[in-house]
Amino acid sequence: MVFKLFWPDYLDPIVYRKQKVDDRYLWIIGWKIADNIACVATLTDSKTEHGLGNVCDQKPDSKDLCVIGICDSTNRSLKYNFWMHVQMNGNIPTDITIKSPVKYEQYCIIYFSPPNNSAFQYYSLTQLNLDIRSTTKTKIHDSKSNWTSNYINGPFANTVLFDDLNYVLKCINLVMATSNNIHHTKHLNNSMLQQLQHWILDTSLLILTCISYIPAKLLHGVLYLLHIRIPIVKNSLYQLSTTGQQLEQRIQQIFFWPKQYLLWFSSDEKMSPTEQARYIGFFNTLWLIANDIIIGIALKTVILERNSEISNWLKMILKEYTLDWIVSQIVWLGDKPAGLKLNSELGSFVGILFQWMIYAWKVGFTNIEPYIPLILHAVAHAGVLGATFQLSMMADILSIATLHLQLFYIVSAKFYNWAINVIDSTYNLFRGKKRNPLRNRIDNAEYDLDQLLLGAVIFTLLVFLLPTVAVYYLLFCFCNVDVVVLLGGIEICLAFLNHFPLFALMLRIKDPKRLSDGIYFKLCEPYTIQKHKWYQPKSHQRTQISRSGLLYMYLESYPIGFHGIFYQYRYLTGRLLTFYLSGQALTSFLTGTRMKRLPKLQYPSIPVDKK
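Residues numbered from 1 in each chain as written. Predicted model: local features only at pLDDT ≥ 70, side-chain atom pairs only at ≥ 80, totals over all residues. Heavy atoms only, no water.

### So, the overall build of the protein chain
Note the threshold: Where helices and strands are cited, they refer to DSSP runs of H or I of at least four residues and of E of at least two residues respectively, numbered from the N terminus. Only protein chains enter the accessibility calculation, which uses a 1.4 Å probe; a residue is then buried when its area is under 20% of its type maximum, exposed when over 50%, and partly exposed in between. Here the accessible surface of atoms and residues is derived via Shrake-Rupley with a 1.4 Å probe, and residues count as covered only by protein chains that are part of the display.
On a plain count of helices and strands, the protein chain comes out with 19 helices and 13 strands. Counting the 611 residues in the protein chain, one finds 43% classified as buried. Entry remark: accessible area of the protein chain is about 34400 Å², with carbon and sulfur atoms responsible for 61%.

Below, the structure is given as C-alpha cells:
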C-alpha cells in the first residue's frame, strides 16, 4: 500500500517558528482523509495560535480539520503520541513515519500550489463547461491513461489513482483560506460580515426592484409586441426582423442578469465548475455589451459626420447593382447570350415581365431615395444601444432593398421547378411507369395512345423551353446567393459582437487556474522546481536528500482548451456547414426548390426553463 501526503509548495518551517530554533517541532494542521491519505493545510509552533479554535480538539480519525502530526529536523519527536511524523531537511520533507498497524511499502509526497480563493482559483476533476444552458453532466477524468501515461511510468504509475481524490481537491481548495484564518491575527467576525453583506444586498435589491418596476413592465410589453404574429405574413416581427431578434436578445439578457448573479452569489459552492461558468458568463456578457456600446457610439460619430457621402454611395450602389445591372442582364439574356439559341418568344415574354416589375420597384425607390440620409441618422443614433443594433438595422435595410430580387428568385425557381417536375413525369410516361405518391416509388402503368401522344408533345416542348427558363433561374439564383452572402457577413459580425468569449479568453491567458478543466500529476525532485526559491536542502548532497522509497510528485491544474472557450462558434459553424454544405442544399439548387435564407447566427446563451 502507498501512503500519499499532499504538501503545499509554499510551506517553510522557518516562517512558522516564532522561536528561531531549528530543532523545535511544529504542529501539522490538515485533514486525515483516509488511512493512507493526508492533506496538509499549514504549520504552527503553538496550539494557542489565534484562529485555531477547536481544531486541536478534533481527532485525526475524522475528516475534519485537525492536528494530524508534527514535523522537525530530527527523530526526537517520535516519542510524542501523534499519528504522523515528518522529518525535514531544511525546507523539504524527507521522511514520513505513520503510527498505524498497516505497513506502507511506498510514501509519496505530492506538492501542490494552493489556489487563491479570493481570485477564484480552484482544482477540479470535472470538466469546465462554459455553456450554462447545458444540462448534461460532464465526464470525470478517472481513466488511468488520462493521468499517468504521459507523466508517470514504472512501478509508481498507480500511486495517484484513488477514490478520495474529489475530497482531496476540496480540501486543497480550502488550504489558503484555512491558513489565513489561523495565522492572521486581525480579521473580522465572519458571521457579522456575512450578515452585513446580506443586508446590503437585500436593501439594494429592494431599491432596484422599486426603481425598475415600470421599465420592466415596458420591456415586457416590447417582448409581447415582438412575438405577435402579423396576419398577412403569418410571422412575428421577431421572426422577420434581425433588429427584432437583437432587441429580444438584449431584453432577455437584462432580465436574466439579476437572476444569474444572485444564483452565483447565494451559492454555497462558488468554486464549483457550474458556478464558475455562471460567474464567467455574467461578466463576459457585461464586457461584451460595454464594448458593443463603445463601438456603436464611435460608429455613430462617423456616420453623422459622413452622412452625405455615405448616402450618395448607398444610392449609387442600390441603383446600379439592384436595378440597372439587373435590367442589362435581362436584355443580354434576350439576345442570344454567349451564343446560346434560346426561345425568343418565351425569352421576350419573361424579360418584359421582369422589366415591368423592376420599373415598378424603381418608382418606389425614387420616392424613398430622398429619405436615405434620414434613415442613416436613425441607424447612427441606434449606436447608443450598441453596434449590434446598427448592424441589425443595416441587415433589415438590405433585406428590404433587395426584396424584388428575392421575389424574382421565387418566381423563376417556381417556373424552373415546374418544368423539371413535368419533364420527369412525362419521361416516366414514355417508359410506361408512373409515380406512386402513397408508397413513394415508381410503379408500372398502362397508357392509351392519346395519352402517349399528349405526353410526347408536352415533353418535347418543355425540353426545348427548359434552357430559356434555366438561364433566368440561374441569374436570379446567383443574385439571391449574393444577397445571402452579404447578410451572412453581417450575421457573422453580429455573432462576433454578441458571443465573443472576451472575459474567458483573458482569464485563460492571465490566470489559467481559474478555468480548471482537470488535473494531472508529474514526477519531480523538490530542488528542481526553480520557481520556488526556498526549495534548497540543508545538505549539499542533493542525491541523498531522502530515504529510499520516498517519491516526490507535483499536482497541477489542466486549464480549459480554446475549443471549450469558443464553444459558441463551434455550434454556429456546424449550423452553417449543415445548412449550406449538405446534399439538401445541392438538391434544392438543381431542382429549383426554394433555398431558405441564412439561419440567424445567434447562439441561445440564456437557459430556458422547461416545465
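We are not done yet, so read on.
### Observations concerning the pattern of salt bridges
Put simply, the test is: Only one rule defines a salt bridge in this text: a Lys or Arg side-chain nitrogen within 4 Å of an Asp or Glu carboxyl oxygen.
Inspection of every chain in the model, using the stated rule, returns eight salt bridges. The salt bridge involving Lys 362 is made with Asp 324; its shortest N-O contact spans 3.7 Å. Taken together, the positions of Lys 362 in helix α11 (residues 344-368) and Asp 324 in helix α10 (residues 307-333) put the pair 38 residues apart, joining distant regions of the chain.

### Some thoughts on the packing of aromatic side chains
As a reminder of what qualifies: A pair of aromatic rings is counted whenever rings of Phe, Tyr or Trp (Trp by its six-membered ring) have centres within 6.5 Å, and the orientation is called stacked for planes under 30 degrees apart, edge-to-face for over 60 and tilted otherwise. We call a charge positioned above a ring when the Lys NZ or Arg CZ atom is no farther than 6 Å from the ring centre and deviates by at most 35 degrees from the ring normal.
This model, assessed by the stated rule, comprises 25 aromatic pairs. Here the aromatic rings of Tyr 111 and Tyr 552 are separated by 6.0 Å at their centres, their planes lie at 10°, and the arrangement is stacked. One end of the pair, Tyr 111, is in strand β7 (residues 106-112); the other, Tyr 552, is in strand β13 (residues 550-559), and 441 residues separate them in sequence. Aromatic ring contacts, followed pair by pair, group Phe 120, Trp 264, Tyr 279, Phe 282, Phe 283, Trp 287 and Phe 503 into a single cluster. One residue, Arg 508, lies across the ring of Phe 562, its end atom 5.0 Å from the ring centre.

### Points about the sheet that holds β13
Basically, it comes down to this: The rule for pairing is simple: two strands pair if DSSP sees at least two bridges between them. Each axis is a line fitted through C-alpha atoms, and for a helix only the stretch in contact is used; angles between axes span 0 to 180 degrees, taken between their N-to-C directions. Only heavy atoms enter the contact rule, under which two residues are in contact if any of them lie within 4.5 Å.
In spatial order, the strands read β6-β5-β4-β2-β3-β1-β7-β13-β12; together these nine strands make up an open sheet with mixed pairing. One side of each edge strand has no neighbouring strand; the edge strands of this open sheet are β6 (92-98) and β12 (516-523). Taking each pair of neighbouring strands and ignoring which way they run, the sheet shows an average axis angle of 30°. Across six bridges, the pairing between β7 and β13 is parallel. The residue of β13 that forms the bridge with Ile 109 is Tyr 552. Along the sheet face, helix α4 (residues 175-183) touches β1 (2-8), β2 (26-34), β3 (37-44) and β7 and points at about 30° away from the line of β3.

### Some points on the confidence of the model for the protein chain
Selection rule: As a per-residue measure, pLDDT reflects the predictor's confidence and takes values from 0 up to 100.
Put simply, the protein chain has an average pLDDT of 79, and 80% of its residues get 70 or more. This model gives residues 185-189 a pLDDT under 50, and the stretch forms three contacts once residues within four places in sequence are excluded. The low-confidence segment residues 530-546 (pLDDT under 50) makes 32 contacts with residues lying over four places distant or belonging to another chain.

### Thoughts on unusual backbone geometry
One non-glycine residue, Phe 120, lies in positive phi territory at about 60°. Here Phe 120 lies in the loop between β7 and α2 (144-148). Overall, Phe 120 belongs to the buried group, its relative accessible area being 16%.

### Regarding the nonpolar core
Basically, it comes down to this: Buried residues of nine kinds, namely Ala, Val, Leu, Ile, Met, Phe, Trp, Tyr and Cys, make up a nonpolar core once their side-chain atoms join them within 4.5 Å.
Judged by nonpolar contacts, the single largest core of 32 residues is most densely connected at Ile 326, Ile 330, Phe 354, Tyr 409, Tyr 472 and Phe 476. Those elements that provide at least two residues to this core are α10, α11, α13 (387-401), α14 (403-430) and α15 (449-499). Of the residues forming this core, the biggest block, 13 residues, is contributed by α15. Not counting chain neighbours up to four residues away, the residues in contact with Ile 326 comprise Tyr 321, Ile 358, Leu 405, Phe 476 and Cys 479. Within the second largest apolar cluster, 30 residues are counted, among which are Ala 41, Val 175, Phe 521 and Leu 551.

### Comments concerning the pairing of β1
Extensive coverage of β1 is indicated by the burial of six of its seven residues. In terms of strand pairing, β1 meets β7 through seven bridges, oriented parallel. Note on β7: the bridge partner recorded for Phe 6 is Ile 110.

### Here we look at the environment of Pro 512
Checked against the element boundaries, Pro 512 lands in the loop between α16 (502-510) and β12. When its relative accessible area of 29% is taken as the criterion, Pro 512 is described as partly exposed. Note: C-alpha distance between Pro 512 and Ser 557 (45 residues apart in sequence) is 8.4 Å.

### What to know about the packing of α14 against α15
Stated precisely, the cut-off is as follows: Roughly parallel covers angles under 35 degrees, roughly antiparallel covers those over 145, roughly perpendicular covers 65 to 115, and oblique covers all other angles. Crossings are sorted by hand: turned counterclockwise from the far helix by less than a right angle, the near helix makes the crossing left-handed, and turned clockwise it makes it right-handed.
Following both chains from N to C, one finds α14 and α15 inclined at 150°, their axes separated by 7 Å at the closest point. The pairing of α14 with α15 is recorded here as roughly antiparallel in orientation. For the pair α14 and α15, the crossing hand works out as left-handed.

### Describing the pairing of strand β11 (residues 441-444)
Consecutive side chains of a regular strand alternate in pointing toward one face of the sheet and then the other. By the bridge criterion, four bridges tie strand β10 (residues 433-436) to β11 in an arrangement that is antiparallel. Directly across from Lys 434, in β11, lies its bridge partner Asp 443. The antiparallel pairing of β10 with β11 creates a hairpin that spans four residues between the two strands, and Asn 440 there sits at a positive phi of about 55°.

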